[in-house]
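Read off the chains here:
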Amino acid sequence: MQGKVRVGRDAKEDLIVELAPAPGPSEIQLESSVATFYGSRIREVVRQTLAALGRESGAALSIRDRGALDWVIQARVEAAVHLAFPEQSGREALPALLDGARFEVPRDRMRRSRLYLPGDQPDLMVNAGLFGPDGVILDLEDAVAPPQKLAARYLVRNALRAVDFGRAERMVRINQLPRGLEDLPAVVTQPVHTILVPKAERGADVIAVAARIRELTERTIWLMPILESALGIENAYAIAAADETVAALAFGAEDFTRDIGAARTDEGRESFVARSRVVLAARAAGVQPIDTVYSDVGNEAGLIAATREAIGLGFDGKGCIHPRQVRTIHEAFRPSDKEVAYARKVRRAMAEAEQRGDGVISIGSKMIDPPVVARALRVLGLAEFYGIPLEEVSR
Amino acid sequence: MSRRAKLCENALGRQVPLEVNGRAQTPFAGVGRFRPGGHKVGPPIPSNADFGNDKRVKGGLREALERSGVRDGMTIGIHHHFRNGDLLVVPLFDTLAEMGVKDLTFAPSALFPCHEPLIRHLESGVIHHIEGSMNGPIGRFCSEGRMKGVGILRSHGGRFQAIQDGDLHIDIGIIPAPCADPTGNANGVNGPSACGPLGFGLADSLYADKVIVVTDNVVPFPCLPWEIQGQNVDYVVEVERVGDPEKIVSGTTQITRSPTRLLIAEYVAQLIEEAGYLGTSFQAGAGGIALAFIQFMAQRMRARGVSAPFARGGSTEHLVRMLEEGLIGAILDGQSFDLAGVASLRDNPRHVATSPFTSYNYHSKGNFASQVGVAVIGATEVDLKFRANVVTHSDGLLLHGIGGWQNTLFADCSILAFPLFRGRIPIVVEEVMTVCAPSELIDVVVTERGIAINPRRTDLLERLKGSSLPIVTIEELYETALRICGRPEQPVRDLEHPVAIIKWVDGTVIDSVFCVGG
């Protein structure tokens with residue numbers, strides 16, 4: 001048994017829980033900005049959480065709440081109990097599972113944008129799905145300060161159960177290995193699609209994560225290793241091909257530039273080779289290459305340019321650290337009218353060649369190679385996704 | 001003082017008192033139903049024989065108040081153009097307290113957090129009650145039933161209406177001014193405390209028995225422009241500083257960075273275009289969504305090559321830029337929210353000062369609030385019947401004044417835009433705590449989780465068919481909020497003890513604010 005513990009943040013839609021071991025039935029002292037409306041409900045949620053954890057007695061809780069939702073209150077109380085009584089951390093207090101939280105995503109689903117959400121900030125999670133990212137990442141790694149790591153794990157677990165992220169792919173970035181392996185039990189049995197493995201450096205890192213996941217669940221959970229060191233880049237293909245559950249390979253520029261001793265620049269020459277190698281390794285292994293985040297939140301033009309550049313290099317997606325970046329990235333991925341028009345031409349030529357029973361596809365006098373056909377079909381697939389008419393609109 | 005009030009049900013089924021602070025009240029009868037009778041009131045007829053050209057009072061505010069004949073039970077009016085940078089109201093009541101005056105009615109056009117020290121004068125009885133806006137600690141003071149009299153909340157237009165109709169008689173009108181001459185001509189655009197228009201002080205200058213202009217910047221006659229005319233002014237008082245310019249304009253003109261609010265603002269702009277209102281005149285405000293939607297709307301106006309004939313401000317640098325770019329034909333300004341707004345009002349002939357008389361007064365021969373195409377405003381609550389609250393928080397405490405809110409609802413399309421819940425508290429509720437506007441004047445509710453259109457607006461529903469906007473019913477919004485936040489408990493109120501009344505724009509009583517707690 002430890003002394004008094006304290007978890008949570010003094011922030012809106014969050015709460016601070018202080019817990020001290022005390023004899024007798026557990027007591028709850030509550031101060032809340034929404035006491036008039038939810039005072040008795042909060043007490044009830046805390047009591048139920050304590051009961052689920054077998055702590056109806058022996059704890060004195062002092063709670064300062066600023067409008068946290070039930071699942072946040074549950075996570076904070078559970079974290080406090082587990083920190084104060086680490087010897088009995090076998091039990092869980094799970095919030096109700098949201099309808100529609102569980103759905104499957106294919107391995108090659110659209111991953112243009114993935115929105116990072118700090119794993120310790122519930123107020124940013126609740127609305128994240130409204131911005132329509134292809135994926136949300138509940139981040140247990142860099143966005144969470146070391147003292148909050150454990151509390152964030154409960155918060156992320158509860159968010160996966162209780163928050164409506166819409167149709168976004170539900171991702172969790174675990175901590176760097178080996179600590180990251182300890183994050184897995186709390187999350188992989190919840191509605192999560194994909195685990196991001198930070199600072200992957202060897203195929204063995206991926207294999208370790210995949211093996212641990214298989215011990216914990218029978219469901220397929222996709223992996224997205226993040227390469228953010230020189231060694232990771234050197235082993236890019238081995239990492240991408242390490243396990244059949246790897247769905248994408250991501251690049252992390254910030255740590256990478258630090259690792260090679262360079263400064264990060266807007267032009268990104270210092271990471272050009274590395275990014276290209278991520279694309280090559282990913283394509284060679286048949287997984288999606290995903291580019292780093294763009295961190296200048298206020299610079300929309302810069303984000304557009306960076307995304308276009310990533311597309312030009314062959315990436316399938318870009319990271320976001322702010323919801324406002326999502327739509328900009330999606331717009332950048334939209335195929336241009338010119339691209340769509342050309343792709344339509346290629347497809348028409350293909351159909352004509354087929355009718356002729358001829359293997360040679362040509363537009364005018366120009367022969368069209370199979371990679372160009374493949375590219376055209378990709379563009380048309382994207383066009384369909386964006387709702388661009390696949391047939392030319394007659395004027 | 002009796003805690004029980006005789007209540008009756010008004011046309012919306014709300015319980016309202018028939019008498020408040022000794023004056024008979026008329027219950028709300030429906031929009032446009034009540035017809036006033038009689039004539040407007042007027043101040044006593046003065047004579048030039050009693051006035052010199054230099055009306056400056058050497059003994060400061062105290063002497064001006066003494067010479068105005070201040071005594072127990074009088075009503076003191078003041079405008080709020082200095083917003084949270086006001087430096088006059090608290091010393092004014094300190095002075096009145098020193099003079100031993102009590103049971104005053106205070107009738108400001110609005111109050112701000114800086115006015116919290118007035119609580120000591122409410123407690124001591126120097127102030128009997130407030131007719132204006134009550135928020136923050138003063139709102140709590142009133143809501144807990146600690147004010148001697150019953151508070152009266154009016155819109156900006158309603159304040160002008162009440163003064164001209166004689167429902168609110170101002171004995172002494174105080175007009176703080178950034179610039180004035182010794183005769184009392186005054187404006188708000190020049191001087192170190194420039195604040196923009198002085199329109200909220202117009203009614204006081206026209207109808208108060210005594211009018212005192214207070215300034216920190218006396219210029220030789222003529223003070224031009226003369227938005228307040230010296231012919232209405234009794235005394236001019238010089239003070240060291242009349243307002244703190246930084247606080248006059250602070251905080252409200254930064255475009256929000258909240259992604260949720262920006263999303264709501266984008267929905268609003270898209271809705272305006274798809275509902276056919278792009279290029280019509282609009283109401284502009286400061287802060288949050290009201291400011292942000294203008295940016296998105298401006299982008300759409302540029303893309304379509306349309307411009308709006310005028311914008312009703314709240315002027316800000318953003319609105320000024322649109323005026324200069326030609327996206328709006330004129331700014332009809334009620335108050336300036338930043339220094340760019342003040343400068344433009346001073347220098348640009350297409351940017352003009354307005355008063356609640358021209359813009360909002362319901363007892364006039366038409367006002368231009370009803371010529372506005374779209375108004376985008378907030379609310380503290382809206383209910384399943386599309387009735388809205390802007391004064392009380394759902395815990396029953398007075399939180400905001402009405403401001404121009406009721407008046408702007410007369411725009412062709414009024415849009416309430418807000419996050420569906422704030423700090424866990426749902427904004428779409430089953431029944432609002434306090435009705436400040438009836439449902440026929442609320443057209444659209446825009447939140448980050450869906451847009452509800454008042455079923456009365458079949459034309460809007462028709463035009464928005466097939467839109468990519470998340471159009472839902474108000475019931476769906478309500479259910480969504482409950483699902484995320486949980487069902488709130490109801491606060492305890494004493495429904496026999498009204499602590500304030502809410503006036504509709506025609507002076508009738510639309511609802512009561514009841515005492516909170518036990």
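About the cut-offs
Residues numbered from 1 in each chain as written. Chains lettered and ligands numbered in written order. Predicted model: local features only at pLDDT ≥ 70, side-chain atom pairs only at ≥ 80, totals over all residues. Core = buried A, V, L, I, M, F, W, Y, C linked by C-beta atoms within 7 Å. Buried ≥ 20, exposed ≤ 12 C-beta atoms within 10 Å, placed from the backbone. Domains from an automatic or database assignment. Contact = placed C-beta atoms within 7 Å. Helix = DSSP H or I, 4+ residues; strand = E, 2+ residues; numbered from the N terminus. Nonpolar A, V, L, I, M, F, W, Y, C, P; charged D, E, K, R; others polar. Expected span 1.5 Å × (residues − 1). Pairing = 2+ DSSP bridges.

Colleague: I'm lost on the nonpolar core in this one. Help?
Modeller: Generally speaking, nonpolar side chains in soluble globular proteins are found buried as a group. Counting residues in each nonpolar core, the largest one holds 275 residues, and the members touching the most others are Val172 and Leu249 of chain A together with Val213 and Val268 of chain B. Of all hydrophobic cores here, the second largest spans 8 residues; its members include Val340, Ala343, Ile361 and Ala383 of chain A.

Colleague: Just to check I follow, could you spell out the domain arrangement of chain A for this structure?
Modeller: For interface size, the figure often reported is the accessible area lost on association. All names here are of chain A. Here chain A is partitioned into domain 1 (5-88), domain 2 (113-333) and domain 3 (337-385). Here domain 1 and domain 2 have C-alpha centroids that lie 32 Å from each other. Of the residues lining the interface, 16 residues belong to domain 1; the matching set on domain 2 comes to 11 residues. Mapped onto the side of domain 1 that touches domain 2, the elements with two or more residues apiece are β1 (5-8) and α2 (70-84). It is α2 that provides the largest number of residues to the side of domain 1 that touches domain 2, a total of 8 residues. Partitioned by chemical class, the residues of the side of domain 1 that touches domain 2 number 8 nonpolar, 2 polar and 6 charged.

Colleague: Explain helix α9 (residues 288-304) of chain B here, please?
Modeller: Along an α-helix, residues three or four apart share an orientation, since each turn contains 3.6 residues. All names here are of chain B. For α9, which comprises 17 residues, the first-to-last C-alpha distance of 25 Å matches the rise-based estimate of 24 Å (1.5 Å per residue) to within 8%. Turning to α9, its buried residues are Gly288, Ile289, Ala290, Leu291, Ala292, Phe293, Ile294, Met297, Ala298 and Met301. The inward-facing, buried residues of α9 abut α8 (259-274), α10 (317-325), β18 (374-377) and β21 (413-417). Downstream of α9 by one or two residues, Gly305 has phi in the positive range, about 70 degrees.

Colleague: Before we go on, may I ask you to explain the pairing of β1 of chain A in this structure?
Modeller: Look at any regular strand and the pattern is simple: side chains alternate between the two faces of the sheet. Residues and elements named next belong to chain A. Two elements, β1 and strand β2 (residues 15-25), share 4 bridges in a ladder whose sense is antiparallel. Bridge assignment links Arg6 to a residue of β2, and that residue is Glu18. Where β1 folds back on β2, the antiparallel hairpin that results is connected by 6 residues, among which Glu13 adopts a positive phi of roughly 60 degrees.

Colleague: Any chance you could explain the sheet that holds strand β20 (residues 388-389) of chain B here in plain terms?
Modeller: Strand pairing in a sheet relies on backbone hydrogen bonds, with the paired strands running either antiparallel or parallel. All names here are of chain B. Strands sit in the order β20-β19-β24 across an open sheet of 3 strands; the sheet is mixed. Two strands close off the open sheet at either side, each with one partner strand: β20 and β24 (428-429). Here 2 bridges tie strand β19 (residues 381-383) to β24, and the two strands are oriented parallel to one another. Its bridge partner lying in β24, Asp383 is registered against Val429.

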